[in-house]
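Each chain, letter by letter, is given below.
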Amino acid sequence: MENILAQAKRVAEEAEVFMVSSEETPVQFEANRLKHIQSKQSTSLTLRIVRQGRIGYAATTELNNTQSLIDNAMATAQFGMRAKFELPAKAAYPQIDIFDPNVESTPIEKMIQLGEELVALITEHTPDIVCETMVTKEIISLRIINSRGGEASYRKSIFSLSMWGSLIRGTDMLFVGEMQSSCHPLTQPKEIAAVVIQHLELAKNQASVPSKQLPVIFTPRGVVSAFIPSLMMAFNGKTVLEGASPIGNRLGEKVFDPKLWLWDDPTIAYRPNSRPCDDEGIPSQRTPLIEQGTVANFLYDLQTAALAGTKSTGNGNRDGGLPAPSPTTLVIAPGKANFDDMVNDIKEGLVIEQLMGAEQGNVLGGDFSGNVLLGYKVENGKIVGRVKDTMVSGNVYQLLKEGIAIGSEAKWVWGFLQTPHIYCPSLSVASKG
Amino acid sequence: MTDIEAVGRQLADAVKRYSADYIEARLEESQRSHITYRGRELESIGQINAIGGNVRALVKGGWGFVSFNNLADLPGKVELAVKQARLVGREESKLAPVEPIVDIVPTKIDKEPTTIPLAEKKRLLDEYNALIWRTPKLQTSVIAYGDSHKKVIFLSSSGSYIQQEWSDITLRLSAVAAEDGDVQQVGLSLGSRGDFNAINGLHQPVEHMAKHAVELLSAPQVKGGEYTIVLDPVLAGVFVHEAFGHLSESDFVYENERLRQIMVLGKRFGDKALNVVDSAATPGLRGSYKYDDEGVPATKTYLIREGELVGRLHSRETAAKMGEKPTGNARAINYRFPPIVRMTNTYIEPGSASFGDIIADIKEGVYAKNWLGGTTAMEMFTFSAGEAYMIRNGKLAEALRPVVLTGNVFTTLNNIDAIGNDLEMNEGGGCGKGMQAPLPVSNGSPHIRIRHCLVGGR
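Residues numbered from 1 in each chain as written. Chains lettered and ligands numbered in written order. Predicted model: local features only at pLDDT ≥ 70, side-chain atom pairs only at ≥ 80, totals over all residues.

A short note on the overall build of chain B
Secondary structure assignment for chain B yields 10 helices and 24 strands. Compactness check: chain B gives a C-alpha radius of gyration of 23 Å against a globular reference of 23 Å for 458 residues, within 12% of the reference. Overall, chain B is about 70 × 55 × 35 Å in size when its C-alpha atoms are taken along their principal axes. Within the span of chain B, comprising 458 residues, buried residues form 58% of the whole. Counting contacts in chain B only where the partners sit at least 6 residues apart, residues at least 24 apart contribute 74% of the total. (Helix = DSSP H or I, 4+ residues; strand = E, 2+ residues; numbered from the N terminus. Rg over C-alpha atoms; globule rule 2.2 N^0.38 Å. Buried ≥ 20, exposed ≤ 12 C-beta atoms within 10 Å, placed from the backbone. Contact = placed C-beta atoms within 7 Å.)

Below, the structure written as structure tokens:
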């Protein structure tokens, strides 16, 4: 890497070399049986340069073919955007615990056993369910060096356990699933099984729902499928810079219900998206996005921040290209409402666990419209059964503006977001009934 | 770059030295470039080279898979894959038999997109961006161009050695209009099997896209409920992919007794006029190839013929376990993944109705065009239109904001009651399944009419 940096410095004003390697071992169960063990090794090397004021970018997996990497970066720098940022000099990074050697040393046999236990717990409850289960361990190593003397590196371990079950009765299909991830090895399949079994119980009966405005409780996973795609775009510094974020010019204004708090936090110990620095070597920080309903900050990488006249929030992420702002781990603060009390208060309404297709509409504008893939009807304060062939539509900014209630218990969803339940007093529901 | 043909020969030797029920290996080298504009400016431009490979072994019905881009110690990789497979295998290995094939398949395009100078690609994108920005009230825009070329070597313990080349181009554009805190977005997606001309000359649709985004600021949102809907060929292609295509992928079905009973051949899904095909063997489309990633020759497979389920898509394993013929539909997005059963070019065959006939007797309905997205959970699925209009008294009426439609595979296909004569293939899509996305596919259909379709709205 030092070699490439030295060569790049001869042809460019600034240069940065980024290398990431990963070793991933997924153990996969298909139709309740062990089916597949994989071992995936990958390394990629990325070069970003600033040449005659413009950004050039190239990447390769061939660590010894550095000349073509430099040639490609120079070729693209002819047309690249003007660099407005300065690469970070040597910095002090916070100590974030994200590596547990016990992940790497977990034997495959132990992973197989974990998967078998999970399948057994679920099939014991519902013998005719067909489960796909995945147990994965991964070690990621990352290093960045740049022409200003900046240098950062870390190792991370990730362990995840997921299960997806399908239960088919006639032409009725029910899909239930859950996943957990951590930088520690996971050892408790019971926690996942309990969640899945709860849904299997709730979905035993079916219920119909009229087409009208109804109160809705979004479960933690429901919150992610309905609200998060729009909010992630709206708080992205790039969307704000372009003037396309509906909240872009409302910094410091009360846009949401005062009960709502949201922040981005890559510093939580042992979370899979935590890290001491971002992919540009900027130290990690906790960034409040919504405080008491007020828009508090947007997320930035170096270039976007420079163009917007502000500072990077340490949210520069690389996803096969130049760094761009994106959230790490999002947290919505729990409130005071108990889930059972929320259900008790509803005469007729829905509990939504998962929407399908909600990210397909005018996400930028905050609209969502999705099929209730997993959701339940509430009648007179009780969950009475699963609803199907039902669509709900709403707008994030209208729904979260006022009158919501926030659950008292937060849950991790898909490993990257922690949120409680959110109650919305009125949502448009359309159903075949 | 490293010569993967030389590595291929070493790997073929290594595979011979280990014993398993079956071993295969793939090696891949690829070049990719991308150019992205956000707003008026070019934002990102880059070139990426990659080399990698994998070994997959089957022992007593269990699979081991090792992927790598470090090409050292190839025998060690074969050994690890076999060892993993042994750890899994507890039954009998079943693979549908295929003849060993030795072949070299070059790309058949005049001009490799990765060799076109960046300046020439940029010139075209600059023209499109200038057109977008001629539109008043436009807030921002995105243009994302990408091209790739890859060479893949497939070899197996049964003696196959196939070298195939593959080129691909994608172009996605979107325009965002904003006014008084309201934001509306319209997109356009195109692609081709490496032919740069396919994305040339799009000035008129690009201009329409930008203007339509502005129009939507004053458009109403549809009221949620059931409507008679008419889908244009692009959206109907997404519909057939989501509504039916995924359910015909046998890896969902073969180990699931209940699903096998539902998806029994001969079951009626639609009207006699409905025919659905998946065909990698049709040349020149984004989902076209000569051999799949298990070295099985591509086929044209009827999924629905005259309304009845007549076929499904297979890998060698699903075909063997269901006692059917392999169809050559095992595909992997790249060397980091094992092949799984995927669609290729999926379409509804044309009927005889004109667009005028199809909308003539609709009193109130929705005409949905262009796609924003689509997804499925087998029984229920959703797909969404980038453009939509009310149909009133047999005529197109006011523009609507984007609509999301949902259906149920067991009823919605049966509700198709008119099929147009104007089949078109859409090459702008990419398919996702099991973390492997976006896989190049194409979808197509003529205009179709569906009764009682549920539309989300206010």
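This is not the end of the story, as more comes after the structure.
Here's the deal with the sheet that holds strand β20 (residues 424-426) of chain B
All names here are of chain B. Sheet architecture is open: 6 strands sit in the order β11-β10-β9-β14-β23-β20, paired in mixed fashion. Each end of this open sheet is capped by a strand with a single partner; those strands are β11 (308-309) and β20. Where strand β9 (residues 276-279) meets strand β14 (residues 345-348), 3 bridges bridge the pair, whose relative direction is antiparallel. Residue V277 lies in a different strand from β14, and its bridge partner there is Y347. Strands β9, β10 (300-305), β14, β20 and β23 (442-445) of the sheet are contacted by helix α5 (residues 233-245), whose axis makes an angle of about 110° with β23. (Pairing = 2+ DSSP bridges. Axes fitted to C-alpha atoms, helices over the stretch in contact; angles between N-to-C directions.)

Observations concerning the domain arrangement of chain A
When the parts come together, some accessible area is lost, and that loss is often what is quoted as the size of the interface. All names here are of chain A. Under the domain assignment used here, chain A contains domain 1 (2-200) and domain 2 (205-433). Centre-to-centre, using C-alpha coordinates, domain 1 lies 24 Å away from domain 2. Between domain 1 and domain 2, the contact holds 29 residues from the first and 24 residues from the second. Contributing elements (two or more residues each) for the side of domain 1 that touches domain 2: β2 (33-51), β3 (54-60), β4 (130-146), β5 (151-169) and β6 (172-182). At 5 residues, the largest contribution of residues to the side of domain 1 that touches domain 2 is made by β5. Considering only residue class, the side of domain 1 that touches domain 2 consists of 17 nonpolar, 8 polar and 4 charged. (Domains from an automatic or database assignment. Nonpolar A, V, L, I, M, F, W, Y, C, P; charged D, E, K, R; others polar.)

Side note on the interface of chain B and chain A
Each partner contributes residues to the interface: chain B has 69 residues there, and chain A has 58 residues. Considering every element that reaches the side of chain B that touches chain A, the biggest residue donor is strand β2 (residues 41-59) of chain B, with 12 residues. In the side of chain B that touches chain A, the residues fall into 27 nonpolar, 30 polar and 12 charged. Examined bridge by bridge, β3(A) and β2(B) share 3 bridges and lie parallel to one another. Pairing of A:A59 across the sheet is with B:I48, part of β2(B).

Focus: the pairing of strand β17 (residues 390-395) of chain A
All names here are of chain A. Most of β17 is tucked away, with 6 of its 6 residues classed as buried. Residues T390, V392 and G394 point to one face of β17 and M391, S393 and N395 to the other, with burial holding for every one of them. Bridging between strand β15 (residues 367-379) and β17 involves 5 bridges; their strand directions are antiparallel. When the sheet's bridge partners are listed, F368 is paired in β17 with G394. With 4 bridges connecting them, β17 and strand β21 (residues 422-431) associate as antiparallel partners. Residue pairing across strands places V392 opposite V429, the latter belonging to β21.

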